[in-house]
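Observations on the model geometry
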Amino acid sequence: MNYIVFDLEWNQPADIKSTEKRKLQFEIIEIGAVKLDENKNIISSFNELVCPKVYKTLNWHTQKMLKIKMSDLKEGSPFTDVCRRFLNWCGEDVMFCSWGPQDLTELQRNMDYFGMKPLSDGPIPFYDIQHIFAKAKREEDTTRNLEAAVDMMEIDKDIAFHRAYSDAYYTAKIFKELPSQVTKNSVTYDIYHLPKTSKDEIRHTQGRESYYLSTGYDQREDITGNRKILSIGCPRCNGRALRPKIRWYSTNSKVYYGAAICSVHGPIKAKLRIKKNEFGKYYAEKFLSYCPISDVEELKQKKRSIKANRKQTPKDAIPGKMPEAQNSKK
Ligand SMILES: [Zn+2]
């Protein structure tokens, strides 16, 4: 298997703040990538400009950042040609890697827009090197830009930043230096396409963490009333549902917290996110992780203080049916 570390540059409308709904917010104008062997050595590279079809002027920010002119882009090929060459160059059996979570989504969105065959009909596993870097440095609440990370890793800055190829190149250099023990347990999923059916749902356990991604639903209530999604199971006991130690509670209507204790494997804290994708489907992501009992106590404290606050200001009550759905369980 090879790793494809890639980076995209995109252009956007001049009036970014406009709220007008656009079919394609970010038009890809450059694809840069390096291919790595299993030992993360660079074995090949890809670097092409795209001649834009949608936005004929460069957004000032893009122009300033990339130091690129529209006349340069006009030398490029249409997106469909560049993308086809890129995917051929990638080959089969690859693992995509990028700095941050957005590139695979934008690639697929552009492919969609220009009428290309989908890259995949479900979620795509990939390595978000920015996320893995933060994990390795134990600063998961910090988002570093690529150059800051390169500096921290003391990697030679032998080419200029902020072009697709150079950013892919530096991302690959960082990737090679990151501890493989951390990388191995840090697969994330691009969810431009949700799992097609409940059979295709993602259940992925790595290290002390477990990730679940549901299929898409038409109604939010299909999730907040779904016992299977709401259950907290021990991944090491084949996901057997546990009696909740802390029933789901929320600080807003999007993220819920809960906890359970497996008598064999110990405390598990849980986080559930409910979102709506751009195709109007609701889906849930559930994150479980084995944790010290002090984390469970902390969650309990938070839940108590939220409850107390809510009594004082009832108009801030949490929307959604989740708490009722849970309480009605016998
Ligand atoms: Zn267990």
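Within any chain, residue numbers begin from 1 and follow the written order of that chain's sequence. Confidence filtering applies because this is a predicted model: local features only for residues at pLDDT of at least 70, side-chain atom pairs given and counted only at 80 or more, and all residues used for totals across whole chains, interfaces and linings.

Let's talk about the overall build of the protein chain
The helix and strand tally for the protein chain stands at 12 helices and 14 strands. Note that the radius of gyration is over C-alpha atoms, with the globule rule given as 2.2 Å times the number of residues to the power 0.38. Relative to the globule expectation of 20 Å for 330 residues, the C-alpha radius of gyration of the protein chain, 22 Å, shows essentially globular dimensions. Along the longest, intermediate and shortest principal axes, the C-alpha atoms of the protein chain span 65 × 45 × 40 Å. Remark: residues whose backbone-derived C-beta atoms lie within 7 Å of one another are considered to be in contact. Long-range pairs, those at least 24 residues apart, make up 64% of the contacts in the protein chain with a sequence separation of at least 6. Only DSSP runs of H or I covering at least 4 residues are called helices, and only runs of E covering at least 2 are called strands; the numbering of each starts at the N terminus.

As for unusual backbone geometry
Backbone geometry at aspartate 93 places phi at a positive 50 degrees, although glycine is not the residue there. Relative to the helices and strands, aspartate 93 is located in the loop between helix 3 (79–90) and strand 4 (94–98). Residue classification places aspartate 93 among the exposed residues on the basis of 7 C-beta atoms within 10 Å. Positive phi values are uncommon outside glycine, yet histidine 162 reaches one of about 70 degrees. Residue position: histidine 162 is located in the loop between helix 6 (146–152) and helix 7 (164–177). Using C-beta atoms placed from the backbone, we call a residue buried if 20 or more other C-beta atoms fall within 10 Å of its own, exposed if 12 or fewer do, and partly exposed for counts in between.

With respect to helix 7
Taking 1.5 Å of rise per residue, 14 residues should cover 20 Å, and helix 7 covers 20 Å from first to last C-alpha, within 8% of that figure. Of all 14 residues in helix 7, 11 are buried; the element is thus mostly enclosed. Within the sequence span of helix 7, burial applies to Ala164, Tyr165, Asp167, Ala168, Tyr169, Tyr170, Thr171, Ala172, Lys173, Ile174 and Phe175. Among the structural elements, strand 1 (2–11), strand 2 (27–36), strand 3 (42–49), strand 4, helix 5 (129–136) and helix 6 are those in contact with the buried residues of helix 7. In this analysis, the expected span of each helix is defined as 1.5 Å times one less than the number of residues it contains.

Here's the deal with the sheet that holds strand 7 (residues 202–206)
Spatially, 7-8-14-13-12-11 is the arrangement adopted by the six strands of the open sheet, whose pairing is antiparallel. Here the strands that pair on one side only, and so sit at the sheet edges, are strand 7 and strand 11 (244–250). Averaged over all neighbouring strand pairs, the angle between strand axes comes to 15 degrees, with direction disregarded. Here a strand pair is declared whenever DSSP counts at least two bridges between the two strands. Inspection of the sheet shows strand 13 (residues 266–276) paired to strand 14 (residues 282–290) by nine bridges, in the antiparallel sense. Directly across from alanine 270, in strand 14, lies its bridge partner leucine 288. A fitted line through C-alpha atoms serves as each axis, taken over the contacting stretch for helices, and the angle formed by two N-to-C directions is quoted from 0 to 180°.

Re the nonpolar core
Buried Ala, Val, Leu, Ile, Met, Phe, Trp, Tyr and Cys residues whose C-beta atoms connect them within 7 Å together make up a nonpolar core. Val5, Ile31, Ala33, Cys97, Ile129 and Ala168 are the most contacted members of the largest nonpolar core, which has 42 residues in total. In terms of residue count, helix 7 provides more of this core than any other element does, eight residues in total. Setting aside residues up to four positions removed in sequence, alanine 168 forms contacts with Val5, Phe6, Asp7, Gly32, Ala33 and Val34. If you look at the next biggest cluster of nonpolar residues, it comprises 23 residues, including Leu194, Tyr217, Tyr283 and Ala284.

Focus: the sheet that holds strand 1
The strand order across the open sheet built from six strands is 3-2-1-4-5-6, with neighbouring strands paired in mixed fashion. Across the chains shown, the open sheet's two edge strands, defined by having one partner strand only, are strand 3 and strand 6 (187–190). Pairwise comparison of adjacent strand axes, ignoring direction, gives a mean angle of 35 degrees for this sheet. Both strand 1 and strand 4 contribute to a ladder of four bridges, which runs parallel. Looking at strand 4, one finds that isoleucine 4 is bridged to phenylalanine 96. Each of strand 4, strand 5 (124–128) and strand 6 touches helix 5; the most contacted strand, strand 5, lies at about 50 degrees to it.

Brief notes about the domain arrangement of the protein chain
Partitioning the protein chain into domains gives domain 1 (2–188) and domain 2 (195–327). Taken residue by residue, the interface counts five residues in domain 1 and eight residues in domain 2. Looking at side-chain class alone, the side of domain 1 that touches domain 2 contains two nonpolar, two polar and one charged residues. Throughout the structure description, domain borders are defined by an automatic or database domain assignment. Three categories are distinguished: nonpolar for Ala, Val, Leu, Ile, Met, Phe, Trp, Tyr, Cys and Pro, charged for Asp, Glu, Lys and Arg, and polar for the others, with Gly belonging to the last.

A short note on the confidence of the model for the protein chain
Confidence of the predictor in every single residue is expressed as pLDDT, which spans 0 to 100. The predicted model of the protein chain averages 90 in pLDDT, with 92% of residues at 70 or higher. Segment residues 315–321 is flagged for pLDDT under 50; beyond a separation of four residues in sequence, or across chains, it makes 10 contacts in the model. Every residue in residues 323–330 scores below 50 in pLDDT, and together they form nine contacts with partners more than four places removed in sequence or on other chains.

Quick word on the pairing of strand 3
Pairing between strand 2 and strand 3: seven bridges, direction antiparallel. By the bridge assignment for strand 3, valine 34 is matched with serine 45. Counting the residues between successive antiparallel strands, the hairpin from strand 2 to strand 3 contains five residues, one of them, lysine 40, with a positive phi of roughly 65 degrees.

Brief notes about the pairing of strand 4
Looking at chain direction, strand 4 and strand 5 are connected through three bridges and run parallel. Its bridge partner being in strand 5, cysteine 97 is matched across the sheet by tyrosine 127. We call a crossover right-handed when, viewed with the strands running away from us, the connection from the first strand over the helix to the second turns clockwise. In this fold, the crossover linking strand 4 to strand 5 by way of helix 4 (residues 103–113) has right-handed handedness.

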